[in-house]
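Given next are the chains, with one letter for each unit.
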Amino acid sequence: MNVSERELRVKPINNGTVIDHIESGQALNVLKILGIGNHTKTVVSVLMNVPSGAMGAKDVVKVEGRELEPGEVDTIALIAPRSTINIIRDYEVVEKFRVAMPKVVAGIIKCGNPNCISNSDEPVNSKFYVESAAPVLLRCSYCEFVLDKNIADHML
Amino acid sequence: MIFERRHIISTKDFSREEIDFILDRAQRLEPHARRGGLDLLKNRVVATLFFEPSTRTKLSFDTAVKRLGGATIGFDSSESTSVVKGETLSDTIKIIESYSDAIVIRHPREGAARMASEISRVPVINAGDGAGHHPTQTLLDLYTMRKECKKPIGDLNVAIVGDLKYGRTVHSLAYALSLYKTRLYLVSPEQLRMPGSIINYLREHGVELLETPRIEDALRETDVLYMTRIQKERFPDPSEYIKVAGSYRITTDTLGDVKNDMIIMHPLPRVNEIDPGVDSTRHARYFQQAFYGVPIRMAVLSLVLEKEA
């Protein structure tokens, strides 16, 4: 890949956050976790299936003008545990960290037990305890249902 | 040990020491479970919210409150409540907590009691949440073993028989017995075996267990025969149900080779797992077990409402 192609595909951002090394295919779920949707005004670039040496293919999400905090991005570890977060200022990476699996995941994943109280009309958010990070094993705080596969399919 | 204002949601929330503490309290209160005469809950109101029908659990909670000098309010089916008007459980709890000092709840959905405990400022006691937990049943089961067996709980062989897949009682009981390292025989038809996650938990916690479809494998060695009901609707083929249910039926003939002091327990209601002829044998303890629900619930209520016995 020559420089001009590279620039076209991955244009550097001035200020903001680059989420790199997202498991290929999970970029849209990352946006969902970050709450980026129709009402977001900032520029957001999404790259999918970018060739990657270590991962074969990866997704990348760039959020301009917003520096994401670890607490905001850690839930990404549920679906893309290898993600790295780069904080950019004046085109320079000033901070770089990996996502770390949180202890509790609230309001993001739907419980797989249809009879769980969190799947009813009650004004209650789903809440899961992360019992194991690798492999991912979540336990519903209400009905104790165990979620250990296809986590992305259970996103609200 | 502090139980004041504590919610009682799942047996798994308790350590062995805490369970023993509750059983000790129940033992002290037991003489009063038949004749009352205590005022530990004087001027206290306990709400019993039964969104699903129940006979023993509801009535034994009512009795426990009254034996301790308290009063109850509540309902025993959701049909007569605002639920039919579409009120959420969350709203119901917010209202009832202002009428009462503790809330006992049975609800058809798993996790309902846990959610109620997050909303309520008064202690919530789970009396069964769908296929989830029923901690006071487990406590009264342990109390029965402690009272009716000649050996400590940890030295017993306990055979749990019947529907081990869906039965909430047996899941909670297995977890609790793992605290005592009790040896388990898990007797069930193939399609109703105990879930793998629970088996793994038991093994990881050092429980010696044997899974078998044949009740004969357990009868001779067991100190406690814990029978449960096998529900017809679990079997797509009715003839298969009749065959399986028949193979786990206990009659006086079945009891030929059992230990002299073996006891038979059952959370009740029974259908035909235990022949009525067994009731008069020295092994039957299921009616005694049902009575022990009263002292256990007295102990739990008095502990969460913080009054020394």
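Everything below is about the structure shown above.
My aim in this report is to walk through the structure given alongside it, one point at a time. (Residues numbered from 1 in each chain as written. Chains lettered and ligands numbered in written order. Predicted model: local features only at pLDDT ≥ 70, side-chain atom pairs only at ≥ 80, totals over all residues.)

1. Points about helix H6 (residues 168-180) of chain B
Residue and element names in this part refer to chain B.
Step number 1: Taking 1.5 Å per residue, 13 residues should reach 18 Å; H6 reaches 19 Å between its end C-alpha atoms and fits that length.
Step number 2: Along H6, twelve of the 13 residues are buried, which leaves the element largely enclosed by surrounding structure.
Step number 3: Looking at the buried residues of H6, the elements they touch are helix H1 (16-35), helix H5 (135-148), strand E5 (157-161), strand E6 (183-187) and helix H7 (196-204).
Step number 4: Taken from the residues just after H6, Lys181 is the one with a positive phi, measuring 60°. (Helix = DSSP H or I, 4+ residues; strand = E, 2+ residues; numbered from the N terminus. Expected span 1.5 Å × (residues − 1). Buried ≥ 20, exposed ≤ 12 C-beta atoms within 10 Å, placed from the backbone. Contact = placed C-beta atoms within 7 Å.)

2. Regarding the environment of Met265 of chain B
All names here are of chain B.
Step number 1: With respect to the helices and strands, Met265 occurs in strand E9 (residues 263-265).
Step number 2: Expressed as a C-alpha distance, the spacing of Met265 and Leu177, which sit 88 residues apart in the sequence, is 15 Å.
Step number 3: For Met265, the contacting residues outside a window of four places in its chain are Asp141, Thr144, Val224, Tyr226, Arg285, Tyr286 and Gln289.

3. What to know about the sheet that holds strand E7 (residues 209-212) of chain B
Residues and elements named next belong to chain B.
Step number 1: One open sheet holds the five strands; their spatial order is E7-E6-E5-E8-E9, and the pairing between them is parallel. With one partner strand each, in any of the chains shown, E7 and E9 form the two edges of the open sheet. Looking at each pair of strands side by side, their axes are set apart by 15° on average, direction ignored.
Step number 2: In this structure, E5 lies alongside E6, joined through five bridges in parallel fashion. Its bridge partner being in E6, Val158 is matched across the sheet by Leu184.
Step number 3: Running at roughly 165° to E5, H6 makes contact with E5 and E6 of the sheet. (Pairing = 2+ DSSP bridges. Axes fitted to C-alpha atoms, helices over the stretch in contact; angles between N-to-C directions.)

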